[in-house]
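Chain by chain, the residues:
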Amino acid sequence: MSELFDGYHANYRDVVQSSIDFSGLPHDFFMRAKADLLGDLIAQRLNTERPDMLDVGCGVGSLHPLLHGMVGCLGGIDVSSASLAQARAANSEVDYREFDGRTFPFEDASFDLVTAICVMHHIVPAEWTHFITEMRRVVRPGGLVCVIEHNPYNPLTRLAVARCEFDRDAVLLSAGKVRKLMAAGGLREIGARHFLLLPWDTKPARRLEDALSGVSLGGQYAAFGTV
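The shown structure was predicted, so the numbers you read here are calculated from the model rather than taken from an experiment.

S.K.: Can you explain the pairing of strand 5 (residues 139-150)? Please cite residues and give values.
M.R.: Counting buried positions along strand 5 yields nine of 12 residues, so the element is predominantly enclosed. Where strand 4 (residues 111-117) meets strand 5, six bridges bridge the pair, whose relative direction is parallel. Note that in strand 5 the partner of Leu-113 across the bridge is Leu-144. Handedness of the strand 4-helix 5 (residues 128-137)-strand 5 crossover: right-handed.

S.K.: Describe the packing of helix 5 against helix 7 (residues 175-184), naming the residues involved and giving the relevant values.
M.R.: At a minimum axis separation of 9 Å, helix 5 and helix 7 run at an interaxial angle of 60 degrees. By the criterion of interaxial angle, the relationship of helix 5 to helix 7 is oblique. You can see that helix 5 and helix 7 cross each other, and the crossing is right-handed. Where helix 5 abuts helix 7, its residues Trp-128, Thr-129 and Ile-132 lie against Lys-177, Leu-181 and Met-182. Its residues placed into classes, the contact of helix 5 with helix 7 shows four nonpolar, one polar and one charged.

S.K.: Tell me about the pattern of salt bridges, residues and numbers included.
M.R.: Evaluated as defined, the whole model comprises nine salt bridges. Two residues, Asp-52 and Arg-140, come together in a salt bridge whose shortest N-O distance is 3.2 Å. Taken together, the positions of Asp-52 in the loop between helix 3 (27-45) and strand 1 (53-56) and Arg-140 in strand 5 put the pair 88 residues apart, joining distant regions of the chain. Look at Asp-52 and you get buried, because its relative accessible area is 17%. Put simply, Arg-45, Arg-188 and Glu-189 are held in one network by salt bridges that share partners.

Conventions used here
Residues numbered from 1 in each chain as written. Predicted model: local features only at pLDDT ≥ 70, side-chain atom pairs only at ≥ 80, totals over all residues. Heavy atoms only, no water. Buried < 20%, exposed > 50% of the residue type's maximum accessible area, 1.4 Å probe, protein only. Helix = DSSP H or I, 4+ residues; strand = E, 2+ residues; numbered from the N terminus. Pairing = 2+ DSSP bridges. Right-handed = clockwise from strand over helix to strand, strands pointing away. Axes fitted to C-alpha atoms, helices over the stretch in contact; angles between N-to-C directions. Parallel < 35°, antiparallel > 145°, perpendicular 65-115°, else oblique. Left-handed = near helix turned anticlockwise from the far one by under 90°. Contact = heavy atoms within 4.5 Å. Nonpolar A, V, L, I, M, F, W, Y, C, P; charged D, E, K, R; others polar. Salt bridge = Lys/Arg side-chain N within 4 Å of Asp/Glu carboxyl O.

Listed below in structure tokens is the structure:
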């Protein structure tokens, strides 16, 4: 997998943008939606105002500037050393470390929040259970594990994945599947929210989308559970 993403570190955003051009929306719109969702989860599910956070499969760190003021210490890991080099150049305050694809390079209970954003569909299904176990391992008691993924039941999402060069071997998994993996991994208070249902960046659209977050229609979803 490292070779795959090493080859895209310089034009990652362009490749993603080309896969979603049909939506008429910029890549930044989707990144802001993820940052906003994480902010809501932090406010609703964590007692820490500025939690220490780990971003698993962080790539070139595109999300990290949007997290300023939202989190405390921020770490990022990825299998692509070329992507991490670009991330370090853009975000010098983030603790970036190389990931061997199996064991996270951090001690047990190091973070309040660990996320994996559009990462699990690149992992072979036989490794999903271990991946969730690793996410749980590095989270402190009372902290949160959050997986953000493509919704396989949304036809536009499937179109975007089919158009993306580095998603050719993706195995999409539903929110229900991730929740079952989290339950099997010992997480509790497990929930899910769908988002990116409406392609408009307006307050009425966001309010309607929030009201429909429990319906499996959004382009992406967040599944989360407490350690």
